[in-house]
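Single-letter residue listing:
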Amino acid sequence: MATGEQACLRRLIEASTPVEVSEVILDLASSLPGCETAALLWGGEGEMHSCGADATPDETAWAQGALSGDGFCLGGRGRVAWRPLPHERAILLLHFSAEVGQSLRGTLERHFAIAGRRLQQVLELASLQDSHKQLKRSEDLQRALFAIADLAGSDLDMPELLRGIHEIVSTLMYGENFFIVRHDPERGVMRFLYYVDVEDKQGPNTTKEEPLDNRRHTLTWHLLSGGKPLMGSNEQLLKQVNGPLLVAGPDSTDWLGVPMLRNGQVHGALVVQSYREGTVYTLEDRALLEFVGSHILTALERKQTKDELEQRVRRRTQQLDEANRDLQQEVLERQRAEQLQAALFQLAQLATADISESEFYERVHVLVGALLNAENFFIALLSEDHRTLDFPYYVDAGERRTLSRPLGGGLSEYVMRKAHPFLGQAADIEALIQRGEVVQHTIGKPSSCWLGVPLMVNGEVMGLVAVHSYAEENVYSTTDQELLSFAALQIANSIYRRRSDMSLHRANVQLEQRVEERTHELLQQIRQREHIQQQLKHQVMHDPLTGLPNRGFLRDRLDRALTLLQREPNRRCALLYLDVDRFKVINDSLGHLAGDAFLKEIARRLLNCVRDPDVVARLSGDEFAILLEDVEIPGTAVNVAERILKCLGEPLKLAGKELEPSASIGIAVADSRYSMADEVLRDADIALYRAKEAGRKRFEMFDEALAKNVVDVLTLEAELRHALQHDEFEPYFQPICQLDSSHVVGYEALIRWNHPQRGLLKPDEFIKIAEDSGLIEAIDWRMFELSCRLLRQHARKDVFMTLNVSARHLRHLDFDTRLIRLLKYCDLPTTRLIIEVTEGALLDNAERVRSTLEQLRLAGIGAALDDFGTGYSSLSYLHSLPLRMLKIDQVFVQELDKDSNTSSIRVVEAILALARALDIQVIAEGIETDAQHDILLAMGCEMGQGYLLGHPAPIRD
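Residues numbered from 1 in each chain as written. Predicted model: local features only at pLDDT ≥ 70, side-chain atom pairs only at ≥ 80, totals over all residues. Heavy atoms only, no water.

We now examine the pairing of strand β5 (residues 90-96). The buried count for β5 comes to six of seven residues, which makes it a mostly enclosed element. Looking at chain direction, strand β1 (residues 35-43) and β5 are connected through seven bridges and run antiparallel. The residue of β5 that forms the bridge with L41 is I91. Sheet analysis places strand β4 (residues 79-82) next to β5, joined by four bridges and oriented antiparallel. When the bridges of β5 are listed, V80 appears paired with L94. (Buried < 20%, exposed > 50% of the residue type's maximum accessible area, 1.4 Å probe, protein only. Helix = DSSP H or I, 4+ residues; strand = E, 2+ residues; numbered from the N terminus. Pairing = 2+ DSSP bridges.)

Right, let's get into the packing of aromatic side chains. The geometry of an aromatic ring pair is captured by two quantities: the separation of the ring centres and the angle between the planes. Counted according to the given criterion, the structure contains 19 aromatic pairs. Centre to centre, the rings of F178 and Y194 are 6.1 Å apart; their planes meet at 50°, and the pair counts as tilted. With F178 in strand β6 (residues 177-184) and Y194 in strand β7 (residues 189-196), the pair connects residues that are 16 residues apart, well separated along the chain. When the centroid spacing of 6.0 Å and the interplanar angle of 80° are considered together, the rings of F391 and Y394 count as edge-to-face. A relative accessible area of 5% means that Y394 is categorised as buried. The side chain of R498 reaches across the aromatic face of F360, ending 4.9 Å from its centre. Across the ring face of W781, the terminal group of R818 is positioned such that the distance to the ring centre comes to 4.1 Å. (Phe/Tyr/Trp six-rings, centres within 6.5 Å; stacked < 30°, edge-to-face > 60°. Lys NZ or Arg CZ within 6 Å of the ring centre and 35° of its normal.)

Right, let's get into the layout of surface pockets. If you add up the space inside the largest pocket, you get close to 1,100 Å³. In this structure, the largest pocket is lined by 35 residues; those nearest its centre are E748, L750, R752, P763 and N804. If you list the elements that add at least two residues to the lining of the largest pocket, you get β26 (744-755), α21 (767-773), α22 (776-794), β28 (800-804), β29 (833-838) and β30 (862-868). Residue classes in the lining of the largest pocket are distributed as 14 nonpolar, nine polar and twelve charged. Roughly 760 Å³ of volume is contained in the second largest pocket. Together, 25 residues line the second largest pocket, and L381, M462, I495, Y496 and R499 are the ones closest to its centre. If you list the elements that add at least two residues to the lining of the second largest pocket, you get α11 (357-369), β12 (376-382), β13 (388-396), β17 (460-469) and α14 (478-540). It is α14 that contributes the most residues to the lining of the second largest pocket, nine residues altogether. Here the lining of the second largest pocket is composed, by residue class, of twelve nonpolar, five polar and eight charged. (1 Å grid on protein atoms, 1.4 Å probe; cavity = no way out; pocket = protein on both sides within 12 Å on 5 of 7 lines; lining within 4 Å. Points joined across faces, edges and corners; volume = space filled by probe spheres on them. Nonpolar A, V, L, I, M, F, W, Y, C, P; charged D, E, K, R; others polar.)

From the geometry alone we can't say anything about function, so treat these as descriptive.
This is the structure in structure tokens:
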């Protein structure tokens, strides 16, 4: 055997580790002819070890192919991978300078036979050692977990428990420097439960919590907020965290921290660190600390829960002790209360007991003595004149006496004067004497303790009850004062009731004498009151002027009639609702006295038109109603209405005038469908309204058509409000032209309603309802604004516009200023606007209208008198009002081209002559034919409007 082989064999025998055997194998491989490099790889699937030349990842992956094949693989360019051991994961990777063949396999097997067996032996030995080490570590870990569980169930306090955990961790790894931190993820706070560090002597405060953000960017903050283990030096740790890293405390050579997790949330962390060079933590240490950390967290939570439970038990025990004491005190108080209640009950019984006054006081003394020491006891009462203090019962040192003395300044008087109990010993009484509040006045020797309570009824003092003691050891307490105060209330009531009973007995004798006298007087008063009540009832249910039943009486009778109709559906009744025509004119013209006489005559005539049991009632000023019960309907109701109209129409002389009264009547026939009187009154009122509209001095029957019309009016009112809110109104402009040239010089703005269902509506279809509902003014102002804007935007600058203004607007004092503001807002010159007023508006308040028109004229706004000649035309209006134009009503214009037009021509000529004399422009309305146009032009009329000259339409550019 060659010397080199002997040396290799000796080295193999001496080698005890896989690395040492690998070095010998590599030396043997380098002796092969043409072998440039060699490397040996061995290990399990999780971790591969290598020795020799560095192999690239691709070469390692290629070499591992030999393990899956027959153990020998040629890779080209002189590369060879060979598995020297059939049952071990070991590969020899060789690189030759020239290509080799399969014959190399036999050479390798012979060359490395002994080395391969030695490698197998040391690998098996290393595996056994590793298994032993793992077993030992598992045993250490198991002992540590048992120790942690024992600590959690022990009676150690928290500091001792934490020190025990530190000792257990130190048995598993280097743990000289160790700390535990708890974290509350919901509150965002942390606390160092335990901290031991050989270098950091101060360390953090372990007694209180602190916000986690106070440790932002430190290793502890990254560990708790990230929820992942951190391990290594500061440089390595910086690569493991997100963001900056602030070093707190001394700089360690190696640091290991693991989070303690529960349901995915971080509830704390364990940290060990080393300041020793060469002492570093491994992945195995990290896994071990993570595993132990979950058990430590459980132990800490169990300990914390146990401490909290013990604390709750202590608190609950303390509460039960307090409750027990309170209960015992309550039992004592209840016993005392029961004793007091029994005494008070017996004292109350004494008030009605049939006993003498002396026995009454003796029993009171016995009952008070059962509550407190009452060996010396007395009751004092004020006389009726409040000058004497009587002692009906006085016991002192076992001796009973009856006393009476003038009212003075003693302790008894002091208690009654203050109306408050007094409890005092000899020194307290002496202090009162020294202050002059009490005059020394004693019966017998002075007391060492004295307790007195006033006897009060209805807030007034009637006397007092008192006890006192001569022995210094017998001292009364506030409890005694409270007991005597309760007893004093009942004693006072009992004395008062006994006194009252005596007074009552005396009073009863006097009362019986007066009863007979008073009974006779009451009978007389009752008769008078019944008579007065009948008169009041008649006044309440009747009209004081006419003596007729009033609305309340009528409603009552109508309700009873409707109730009868419900029981007998075939019956009918009728209500005639009557309104006297033009009563306001009569009242205003002839005076209120004449008006009252007029109403009395109307009432008399109505009564003559009906029979019993029909009811004639006056509802209000000039409104009457007649209820016809159980009659042939509607024939009888119509006959009665005709009879009433005929009877009322007879001439009536009043205040030197001969009048012909008339009335409008609405009739409602009621059947079983009606349930309330108001329903019948409402329908009769609707029929009355229709009769007034039809021309007065007539009657109308209520029917379904009238009811539907009322509903339609309400619907139209609602639609008008909707139209105002949604801008459904639009101004249409009818041109005003020069008659000689047909040139447009102005427009009249007319309202139109773009109804969403009914289409375009003209004013006569909705204006009256708008006026009745109060919406007309809001609609007008919206129309004024739209018209001014459209005229400003689309019309020529030299044309004017007329707006129709109702009397409602002219009643407002600020109409002129509001209209001027509107023109400024729309940027329309005032000279381009003319307002049209009717002759009826002038009658409302001529002076106010004149003042308003004058203010508008000064601002540049003109005025036109509309429908001239059809109303209350007066030359004084034309002369006094600042008018710019007159508008001849179309009634006269449309008669001009007819055969009998002489009167119309004369009227028109007169209006034109009058206007020229007053320098007022004239516009003829309603021109529809060429003949009308030519006649007006021949008369000298300058302007006109009508369908011949142009229909109303939206304005165009």
